[in-house]
Amino acid sequence: MMRTCVIRAASHMSDDTYEYICREAKKKFGDDIAFRRETDDGLLGGFVLEIGTEIFDLSYAAQLETIRKQIHG
Amino acid sequence: MELKNISAFLKAQIEAYHVQPIAYHRGIVTRVGDGVVRVEGLPGRLYGELLEFDGGVYGMALDLTENGVGAVLFDTADAVCVGCRVRGTGTVAETPVGDVLLGRVIDPIGRPLDGKPLQADRFLPVERPAPAIIDRRPVDKPMETGILAIDSMIPIGRGQRELIIGDRQTGKTTIALDSILNQKNSDMLCVYCAIGQKASTVAGVIQTLRNAGAMDYTVVVSATASDSPAMQYLAPYAAASVAEAFSAQGKDVLIVYDDLTKHAVAYRTMSLLLLRPPGREAFPGDVFYLHSRLLERSACLSKEKGGGSITALPIVETMAGNISAYIPTNIISITDGQIYLESELFHADVRPAVNTGLSVSRVGRAAQHDAMKAVSGTLRIDLSQYREMAVFTRFGNDLDASTKKMLRRGETLINIFKQDKNHPLSVFDEVVLLLAYNENCLEAVPARNMRGAMQKLIAVIGGACPGERERILQTGKMSDADKAALTAALHEKQEEYTS
């Protein structure tokens, strides 16, 4: 069964970048993946990759939140 | 850090910062009902882990299965719906601890409830293991409640767990509150944990504490009846963590759980909704462990561990005086004694309505002040003899002189034990009152004048014997010379305080 992989970015992503991410994701998770792209302003920058129940968050919003937690404990 | 180094430090931190992908599993809510949700996905969760739902709602994972997680919500379930996304936080529920909490009112996960911001820098998990056997020492210091009937006959030591049990409206919370108020000039800190109570009752308790200036050394942890069962379930554990942080600093802490019946009911609600098998009275199988692991956290720590202590006063409400119900018997067997309050006594104006026959303290006698030991030796036996005789002679008029004397002494003692709420007595006051009883100085006073006479007695004798007063208050000991001086003063000034 094909798995769905959602790539969410803060703004519209260039096709080159999108394809690069798809290639890398296939290398890591296998070929049976259908990709979909979405935009989400809340991410501020960077992107989030969702595959099944697994999330890989490389957005600026998440990074800033991590820094905030490190500072406030 | 010096000011000039800050920019260098920041630069180094920024240079060393690597963007790491934040990887986690996401779950999907498949069922919502009564504050309990079923989540699909989310492998590898911890028991008791905090889960974050869409919309900033938090819950706690309590049922871990192969396909998903059963969780309870901390907030109202309105924001959570089927299809909602859930993420594990990797941490178990935590509560803020430390001196910043003194005078504050918080909920079990540390959100302030008194409208002021809370800047806490230390957090502890809500569930923590009890101190090990090796880290404990025997209870040997008294925890004065300021209530004469308790300090003299059912003494409580620092590090003891003493249950307060009785029907509704018998003065259970009052005893606990008086104990907190009495710590005003001592070195003890207090934690009051309200579980499943009416918000108006909790507001009343806080007002009483505030009016008496007791909030300066007290923390209130509250989960009221309108909070979710999960919050009510967590409240006493969070309060215990707050107390443990103080006791780890070598301080003595008094913690009141008001009340554990409602805690058990909240846990039953959660367990039934999580589809755990019901047992006796529909409580789940681990309801004993629920309270035993909580109360085991109250202990007297060894010198190596700082020598602090946590004295627990759990409260349990009975139905129609039935102390052999499930939860009361469980907690009676866990604690080191109980103070049993009776409706009949309460309505007969014997307040605090302590039933001395059914009340017991299994450790406190070893921790009682020497001065108190010296004057309270025969009280229990006097009282039980009086009660027996009072029943026996209820319809009889022909009583011999010794029986009449015993009845009169018993009545006097009962009247001495009557005490207004929110008026705890000092050790000296208690010792002098009992000395007056032992010396038969108050027998001539009619019952209706007893309170006034007792107040006068305390003032008169305190004024006449300031040296003795100071020694008893400072050391808790009463030498033979002190006793002789106080006895002489009691006889000498009898006219003054009995008139």
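## Thoughts on the overall build of chain A
(1) Moving on: Scanning chain A from N- to C-terminus turns up two helices and four strands.
(2) Moving on: Reading the helices (α) and strands (β) of chain A from amino to carboxyl end gives β-α-β-β-β-α.
(3) Moving on: For the C-alpha atoms alone, the extent of chain A along its principal axes is close to 45 × 25 × 15 Å.
(4) Moving on: Summarising the internal contacts of chain A: among those between residues at least 6 apart in sequence, 59% fall at separations of at least 24.
(5) Moving on: Surface accessibility of chain A: about 4,700 Å² in total, with carbon and sulfur atoms responsible for 54%.
(6) Moving on: Between the centroid of the 10 positive side chains of chain A and the centroid of its 13 negative side chains there is a distance of 3 Å.

## Comments concerning the pairing of strand β2 (residues 33-39) of chain A
Residues and elements named next belong to chain A.
(1) Moving on: Sheet topology note: the strand β1 (residues 3-9)/β2 ladder contains seven bridges and is parallel. Bridged to A9 within β2 is T39.
(2) Moving on: In this fold, β1 hands off to helix α1 (residues 15-29), which returns the chain to β2; that crossover is right-handed.

## Observations concerning the nonpolar core
(1) Moving on: Ranked by internal contacts, the top residues of the largest apolar core, which has 134 residues, are Y257(B), L442(B) and I461(B).
(2) Moving on: Excluding anything up to four places from it in sequence, L442(B) contacts T412(B), I416(B), A436(B), M450(B), A453(B), M454(B), L457(B) and Y497(B).

## Some words on the packing of helix α5 (residues 229-247) of chain B against helix α6 (residues 260-273) of chain B
All names here are of chain B.
(1) Moving on: Contact pair α5 / α6: the axes reach a minimum separation of 8 Å and the direction vectors enclose 135°. Here α5 is positioned oblique relative to α6, judged by the angle of their axes. The two elements α5 and α6 meet at a crossing, and its hand is left-handed. Residue-level inspection shows P229, A230, Q232, Y233, P236 and Y237 of α5 in contact with α6, the latter providing K262, H263, A266, Y267, T269 and M270.

## Things to note about the packing of helix α13 (residues 427-438) of chain B against helix α14 (residues 450-464) of chain B
All names here are of chain B.
(1) Moving on: Contact geometry for α13 and α14: axes closest at 10 Å, N-to-C directions at 110°. Judged by the inter-axis angle, α13 sits roughly perpendicular to α14. Where α13 abuts α14, its residues F428, D429, V432, L433 and A436 lie against M454, L457, I458, I461 and G462.

## Considerations on the domain arrangement of chain B
Residue and element names in this part refer to chain B.
(1) Moving on: Domain boundaries assigned for chain B yield domain 1 (26-92), domain 2 (95-368) and domain 3 (374-498).
(2) Moving on: A combined buried area of about 1,100 Å² lies between domain 1 and domain 2, and 67% of that area is made up of carbon and sulfur atoms.
(3) Moving on: Its largest share of buried area at the contact with domain 2, domain 1 owes to V36, L62 and F74, together 40% of the area lost on that side.
(4) Moving on: Where domain 1 meets domain 2, there are one salt bridge.
(5) Moving on: On inspection of domain 1 and its partner domain 2, the count reaches four residue pairs in polar contact (both at pLDDT 80 or more).
(6) Moving on: Where the side of domain 1 that touches domain 2 is concerned, the elements lending two or more residues are β4 (58-64) and β5 (68-73).
(7) Moving on: Sort the elements by how many residues they give to the side of domain 1 that touches domain 2 and β5 lands first, with four residues.

## Section: the interface of chain B and chain A
Think of interface size as the accessible area that goes away when the parts come together; that is how it is often given.
(1) Moving on: Across the boundary between the two partners, chain B contributes eleven residues, which contact 13 residues of chain A.
(2) Moving on: Approximately 1,100 Å² of surface area, both sides summed, lies buried where chain B meets chain A, with 52% of it carried by carbon and sulfur atoms.
(3) Moving on: By the criterion of area lost to chain A, the three top residues of chain B are Y17(B), I22(B) and R26(B), representing 46% of everything that side buries.
(4) Moving on: Between the two partners, chain B and chain A, sit two salt bridges.
(5) Moving on: A salt bridge links R85(B) to E50(A); its shortest N-O distance comes to 3.8 Å.
(6) Moving on: Linking chain B with chain A are five residue pairs in polar contact (both at pLDDT 80 or more), by the criterion used here.
(7) Moving on: In terms of residue count, strand β1 (residues 22-33) of chain B provides more of the side of chain B that touches chain A than any other element does, five residues in total.
(8) Moving on: The residue inventory of the side of chain B that touches chain A, partitioned by class, reads six nonpolar, three polar and two charged.

## Brief notes about the pattern of salt bridges
(1) Moving on: Applying the stated criterion across every chain yields a total of 33 salt bridges over all chains.
(2) Moving on: The closest approach of N and O atoms between E50(A) and R26(B), which form a salt bridge, is 2.6 Å. You can see E50(A) sitting in strand β3 (residues 46-51) and its partner R26(B) sitting in strand β1, one on each of two chains. Summarising the burial analysis for this pair, E50(A) and R26(B) share the class buried.

Reading guide: rules and limits
Residues numbered from 1 in each chain as written. Chains lettered and ligands numbered in written order. Predicted model: local features only at pLDDT ≥ 70, side-chain atom pairs only at ≥ 80, totals over all residues. Heavy atoms only, no water. Helix = DSSP H or I, 4+ residues; strand = E, 2+ residues; numbered from the N terminus. Contact = heavy atoms within 4.5 Å. Areas by Shrake-Rupley, 256 points an atom, 1.4 Å probe, with all protein chains shown as cover. Lys, Arg positive; Asp, Glu negative; His and termini not counted. Charge placed at Lys NZ, Arg CZ, Asp CG, Glu CD. Pairing = 2+ DSSP bridges. Right-handed = clockwise from strand over helix to strand, strands pointing away. Core = buried A, V, L, I, M, F, W, Y, C linked by side-chain atoms within 4.5 Å. Buried < 20%, exposed > 50% of the residue type's maximum accessible area, 1.4 Å probe, protein only. Axes fitted to C-alpha atoms, helices over the stretch in contact; angles between N-to-C directions. Parallel < 35°, antiparallel > 145°, perpendicular 65-115°, else oblique. Left-handed = near helix turned anticlockwise from the far one by under 90°. Domains from an automatic or database assignment. Buried area = accessible area lost by both parts, 1.4 Å probe. Salt bridge = Lys/Arg side-chain N within 4 Å of Asp/Glu carboxyl O. Polar contact = N/O pair within 3.5 Å; in protein donor to acceptor, adjacent residues only side chain to side chain. Nonpolar A, V, L, I, M, F, W, Y, C, P; charged D, E, K, R; others polar.

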